[in-house]
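Okay, here's what each chain looks like letter by letter:
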Amino acid sequence: MAEAIRQQTYTIYPIVQPGIYPTLRTINFYLIKRPEGMVLIDAGIDTYDCMERLQDTLKQAGAEIGDLDAILLTHHHEDHAGLVPRVLEKKAVPIYAHRDAVPRLRLDKDFLEMRLAFFRRLYREMGGGNMGAERFARLEQTIRETPQHAIMADINEIGEGDRVFGFEVVETPGHSPDSITFLDADGRTAFTGDVLIEGSSVNAIIDPAPNGSRLPSVSQQRRSLERLAGLGADVLYTGHHEPVRNTKDLVRERISRMDRKCEKLLSLIRSGVTVPAQITEVYYRDLYRTQFPLVMSEIIGHLDYLEEQGKVTKSMAEEVWHYHPA
Ligand SMILES: [Zn+2]
């Protein structure tokens, strides 16, 4: 069990679950015991093992599930909201999350249909061809057939500047549209979910806004990284791996990595590879086949960023986008 961390006015009990993804060693969430209430920041993955770990940690804090006052979510991903349904079975704990997390947590039907239509069109217009159609079919099957728990508890929508249980909410989108950070400015400590992770690059994942438009994930992610660097926090407690203590250096490294990626994409475009799916295949080789949604998302996000910066333009030919040097 991880050791408790005493802050001036409260205690942090980290809960560290071994990772389920090849590139992530741990899944972290946090039990916080403070005068304002006993809360969870994030809720791990939906496994028996993870639930045991939560219960052991509650015991370590001299508490049980019934003592929880709230669950605060940094974002809706399954490795952050996983245990919510299991906790709710035992106690109707209020959930606090960004407004864009709500339809995703509720598995809102209209929202899921909108999201499917978004990806069908995206893969086609980005030149995904047969590969895109096949991957879309897989996505559709997953969404329609995988049994998932919709979270139907009270979800309190929170956003920039709100205060919850002594933490200030800072919006840090990019990794997901609903990513938020919980800041304890006095304690120079923040809980940042997946915006910045030690030893693993974070993908800014393409996703639609509620109105169906594509969010500028890479520029959002860059802004969010800069915000983390400017929070004045000495420690970031993250959703995976060790806490981040060298935030400014790590942010600088991540942003220059994005810049290098942009430069490589620009030179590919200048060399005549103009269709996003082709750019992705040349850039990522085998990963194009094995990690299609993720690598397409990376390239599209960076192309959007280059377009926003005035470095590329795009035109449509036979329903497929082509990118050109500006
Ligand atoms: Zn995530």
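Keep in mind it's a predicted model, so treat the numbers as computed, not measured.

Engineer: Any chance you could break down the pattern of salt bridges for me, citing the residues and the numbers?
Structural biologist: Pairs can form between side chains of opposite charge once their charged atoms are near each other. Scanning the entire structure with this criterion turns up 21 salt bridges. In this structure, Arg254 engages Glu253 in a salt bridge whose closest nitrogen and oxygen atoms are separated by 3.7 Å. Residue Glu253 is classed as partly exposed on the basis of its relative accessible area of 37%.

Engineer: Explain the sheet that holds strand β11 (residues 189–193) residue by residue, including any values.
Structural biologist: Backbone hydrogen bonds hold the strands of a sheet together, and the pairing may be parallel or antiparallel. Strand order in the open sheet made by the five strands is β8-β9-β10-β11-β12, with mixed pairing throughout. Of all the strands in the sheet, just β8 (163–164) and β12 (235–238) have a single pairing partner and so form its edges.

Engineer: Kindly report on the coordination of the zinc ion, identifying the contributing residues and their values.
Structural biologist: In the first shell of the zinc ion, the protein supplies His75 (NE2), His77 (ND1), His175 (NE2) and Asp194 (OD), at 2.2 to 2.4 Å from the metal. Bound by four donor atoms, the zinc ion shows angles of 90 to 174° at the metal and therefore irregular coordination geometry.

Engineer: Account for the environment of Gln309, with residues named and values stated.
Structural biologist: The residue Gln309 is located in the loop between α10 (292–308) and β13 (312–317) in this model. Between the C-alpha atoms of Gln309 and Val295, which are 14 residues apart in sequence, the distance is 21 Å.

Engineer: Which residues make up the domain arrangement of the protein chain, and what values do they have?
Structural biologist: Domain parsing of the protein chain yields domain 1 (5–107 + 148–245) and domain 2 (109–144 + 255–325). Just the C-alpha atoms count here: the centres of domain 1 and domain 2 sit 28 Å apart. Listed as interface residues are 24 residues of domain 1 and, on the opposing side, 23 residues of domain 2. Taking both sides of the interface into account, the surface hidden between domain 1 and domain 2 amounts to around 2,100 Å²; carbon and sulfur atoms contribute 63%. By the criterion of area lost to domain 2, the three top residues of domain 1 are Ile206, Arg214 and Arg222, representing 33% of everything that side buries. A salt bridge links Asp207 to Arg115; its shortest N-O distance comes to 2.8 Å. Counting across the domain 1 and domain 2 interface gives eight residue pairs in polar contact (both at pLDDT 80 or more). Elements represented by at least two residues in the side of domain 1 that touches domain 2 include exactly α3 (102–106) and α6 (217–229). Of the residues in the side of domain 1 that touches domain 2, the class split is twelve nonpolar, seven polar and five charged.

Engineer: Can you explain the sheet that holds strand β1 (residues 5–6)? Please cite residues and give values.
Structural biologist: Spatial strand order, β1-β2-β3-β4-β5-β6-β7: seven strands in an open sheet with mixed pairing. Two strands close off the open sheet at either side, each with one partner strand: β1 and β7 (155–158). Where strand β3 (residues 24–34) meets strand β4 (residues 37–41), five bridges bridge the pair, whose relative direction is antiparallel. By the bridge assignment for β4, Leu31 is matched with Leu40. Strand contacts of helix α1 (residues 48–60): β2 (11–21), β3 and β4, with the helix running at about 165° to β2, the strand carrying the most contacts.

Quick notes on the rules
- Residues numbered from 1 in each chain as written.
- Predicted model: local features only at pLDDT ≥ 70, side-chain atom pairs only at ≥ 80, totals over all residues.
- Heavy atoms only, no water.
- Salt bridge = Lys/Arg side-chain N within 4 Å of Asp/Glu carboxyl O.
- Buried < 20%, exposed > 50% of the residue type's maximum accessible area, 1.4 Å probe, protein only.
- Pairing = 2+ DSSP bridges.
- Helix = DSSP H or I, 4+ residues; strand = E, 2+ residues; numbered from the N terminus.
- Donors = N, O, S within 2.8 Å, 3.2 Å for Na, K, Ca; no water.
- Tetrahedral: all angles 85-135°; square planar, octahedral: opposite > 155°, others 65-115°.
- Domains from an automatic or database assignment.
- Contact = heavy atoms within 4.5 Å.
- Buried area = accessible area lost by both parts, 1.4 Å probe.
- Polar contact = N/O pair within 3.5 Å; in protein donor to acceptor, adjacent residues only side chain to side chain.
- Nonpolar A, V, L, I, M, F, W, Y, C, P; charged D, E, K, R; others polar.
- Axes fitted to C-alpha atoms, helices over the stretch in contact; angles between N-to-C directions.

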